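# Topology and contacts: notes
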Amino acid sequence: MQAKLMMGLLGILATGMTLAKPLVVCTEASPDGFDVVQYNSLTNTNAAADPIFNRLLEFDPASGKLLPSLAQSWQVSSDNRQYTFKLRRNVAFQRTDYFSPSRPLNADDVLFSFQRMLDPNHPWYGTAVSGYPHAKSFQLDKLISEIRKLDDYTVQFTLSEPNATFLPLLSMGFASIYSAQYAAQLEAAGAQKDLNSKPIGTGPFALKSYQKDAVIRYDAHPAYWAGKPKADKLIYAITPDPVVRVQKVKAGECDLALGPKPQELIAAKNDPKLKVLSTPMFGTGFVAINTSHPPLDKVAVRQALNLAFDRNTYLARVFEGTATAALGVYPPTTWSYLPPKQSGRNVAKARQLLKQAGLPNGFSTTIWVRPNGSTLNPNPKAGAELLQADLAQIGVKAEIKTIEWGELIKRAKAGEHDLLFMGWSGDNGDPDNFLTPQFACASVESGLNFARYCDKALDGAIQAGRATADQAKRSQYYQQAQRLIAEQALWIPLAHPLAAVISSPKVNGYVVNPFGRQSWANVHVR
């Protein structure tokens, strides 16, 4: 009897040991959806692209190199126009109560994932309500002239011209690979819209349920090709207030808090109940100036706004020493970075420029901000009020408009804003990650170019930089682009922050990504 009891207890303990504690993450905002190709925000990437999907390649921030993912190897032709990918075998798609895959990943899935975005005649092309902002900005429909299935596990992309950014682009969230079989099932049922709420991928976690503004639940993908995730369940507790996110970690309600406020980072370093993990972010906080709205269409006016802004006070008040000043488009550690010519704050010169522009008494405008903070804008209200006060000193009357994040992005992409507090982070360390989405002419149409500025010389420099693999030549073109951006004063650059999280000391395996991406497969709680 005693032996049986002991065996029973051992069985219970063994069972308990196999049940990993759920990983609970306090996140900043609700995603717009889970069909990642439709969206451009980091919120959507973190909620969908990284936990649910994989891409052909992944970028490793530690080494700065592209690594195999769903493609286990690739070859590039001598003219740099043909890319042949060998797919990994026996990669399982997620199995849910709404989809049971009958085959592993193959070339058909890759073809579907890209042709859907690129071919207007494809039956799925028109199903993305928000369009395909990244594919449009990078002009992939013009760049990729053909995608061929050579066999079930070999796919070949042919480009219309050499492009040094093509391989890095394949590691971005929008290049996630979908199940063609699942798409066919949805199409047959007339339920294509379900792809945005019931996604299927090959990634480490499958979506279980989503309650907007509350919680996202994921289950570990037991057949994940890279090995079952260390946490059986992943939970996103959507908590817009950054202070509350940290409080939940201290209370044991969350294991990690994303996007902590600078003062929370400072306080957490001296708290034994908390752990701070951080790295310089490949990102820039900025105010986009809508050049399509008069009088912001005048370069002298935009220059005046830049000269009126007190960047030092902004950094001290909003970031409290946890960020460096942004003077240009991307961080100064990025190859090709060109230090802009800065004369510092000059209110008198700003007034003079407005007078030259025929606006001696200033003008009225609006400042758009999101209601809650993020890594690139930790205190939207304070930042907007500081800018408002600075502009008032040169006679510019700015009304602050606080708009919910999803609505703000939608309306900003339509170009409705005047001055817009925004942030941008790259995905792979390439300067083009900033220049094409934010300043290319095609990005005006896609909505990512928040300055709404299309210029032949600037667009030409960006395109020329993509067309050569020679990094020295690329740097020359990108420095030309940076000069034009600075001369035209398309942004008010704000800050390069830290990518940081606050976690419980019990969290193991988490690595901070400088691009703000989140990888949970190897993270667990003791």
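Read on for an overview of the structure. Everything numeric here is computed off the predicted structure, so don't read it as measured data.

## Description of the state of the cysteines
The tally for this structure, following the rule as stated, stands at two disulfides. Shown here is the disulfide that connects cysteine 26 with cysteine 254, its sulfur atoms set 2.1 Å apart. Of note, the bridge from cysteine 26 to cysteine 254 carries an S-S torsion of about 70 degrees and is right-handed in sense. Residue cysteine 26 is located in strand β1 (residues 23-27), and its partner cysteine 254 is located in the loop between α8 (242-250) and β11 (256-258); the two are separated by 228 residues in the primary sequence. Here cysteine 441 is linked by a disulfide to cysteine 454, with a sulfur-sulfur distance of 2.1 Å. Sign of the S-S torsion, about 95 degrees for the bond between cysteine 441 and cysteine 454, identifies this disulfide as right-handed. Of the two residues, cysteine 441 is situated in helix α16 (residues 441-446) and cysteine 454 in the loop between α16 and α17 (456-467); the sequence distance between them amounts to 13 residues. Taken in sequence order, the bonded cysteines of the protein chain link in the pattern 1-2, 3-4.

## Points about a negative patch on the surface
A contiguous patch of negative charge, built from Asp32, Asp213, Glu404 and Glu407, is present on the exposed surface. Here aspartate 32 falls in the partly exposed class, since its relative accessible area comes to 36%.

## Quick word on the packing of aromatic side chains
Applying the stated rule across the entire model yields 25 aromatic pairs. Relative to tryptophan 124, the ring of phenylalanine 112 has its centre 5.7 Å away and its plane inclined at 90 degrees; by these criteria the two rings are edge-to-face. Here phenylalanine 112, found in helix α3 (residues 107-118), pairs with tryptophan 124, found in the loop between α3 and α4 (133-137); they are twelve residues apart in sequence, far enough to count as distant. Each member of the pair, phenylalanine 112 as well as tryptophan 124, is classed as buried. Ring-pair connections join several aromatic residues into one group, and the members of that group are Phe59, Phe282, Tyr330, Tyr337, Phe434 and Phe515.

## Overview of the pairing of β1
Taking burial as the measure, the five residues of β1 include five buried ones, the bulk of the element. Residue alternation in β1 divides its side chains into two sets, Leu23, Val25 and Thr27 and Val24 and Cys26, and both sets are buried. In this structure, β1 lies alongside strand β10 (residues 233-238), joined through five bridges in parallel fashion. Paired with cysteine 26 across the strands is alanine 237, a residue of β10. As defined by bridge partners, β1 adjoins β11 across two bridges and the pair is classed as parallel. Bridged to valine 25 within β11 is leucine 256.

## Some words on the pattern of salt bridges
For the structure shown, the criterion picks out 20 salt bridges. Between lysine 250 and aspartate 271 there is a salt bridge, with its nearest N and O atoms 3.0 Å apart. Residue lysine 250 is located in helix α8, and its partner aspartate 271 is located in the loop between α9 (262-268) and β12 (275-280); the two are separated by 21 residues in the primary sequence. By relative accessible area, aspartate 271 is classed as buried at 17%. Aspartate 432 is paired through a salt bridge with arginine 466; the nearest N and O atoms lie 3.8 Å apart. Here the residue aspartate 432 occupies a position in helix α15 (residues 432-439), and arginine 466 occupies one in helix α17, the gap between them amounting to 34 residues. Residue class for arginine 466 comes out buried when judged on its relative accessible area of 8%.

So, how was this worked out
- Residues numbered from 1 in each chain as written.
- Predicted model: local features only at pLDDT ≥ 70, side-chain atom pairs only at ≥ 80, totals over all residues.
- Heavy atoms only, no water.
- Disulfide = S-S within 2.5 Å.
- Helix = DSSP H or I, 4+ residues; strand = E, 2+ residues; numbered from the N terminus.
- Patch = residues over 30% accessible without salt bridge, like charges linked within 9 Å, V, L, I, M, F, W, Y side chains within 5 Å.
- Areas by Shrake-Rupley, 256 points an atom, 1.4 Å probe, with all protein chains shown as cover.
- Salt bridge = Lys/Arg side-chain N within 4 Å of Asp/Glu carboxyl O.
- Lys, Arg positive; Asp, Glu negative; His and termini not counted.
- Charge placed at Lys NZ, Arg CZ, Asp CG, Glu CD.
- Buried < 20%, exposed > 50% of the residue type's maximum accessible area, 1.4 Å probe, protein only.
- Phe/Tyr/Trp six-rings, centres within 6.5 Å; stacked < 30°, edge-to-face > 60°.
- Pairing = 2+ DSSP bridges.

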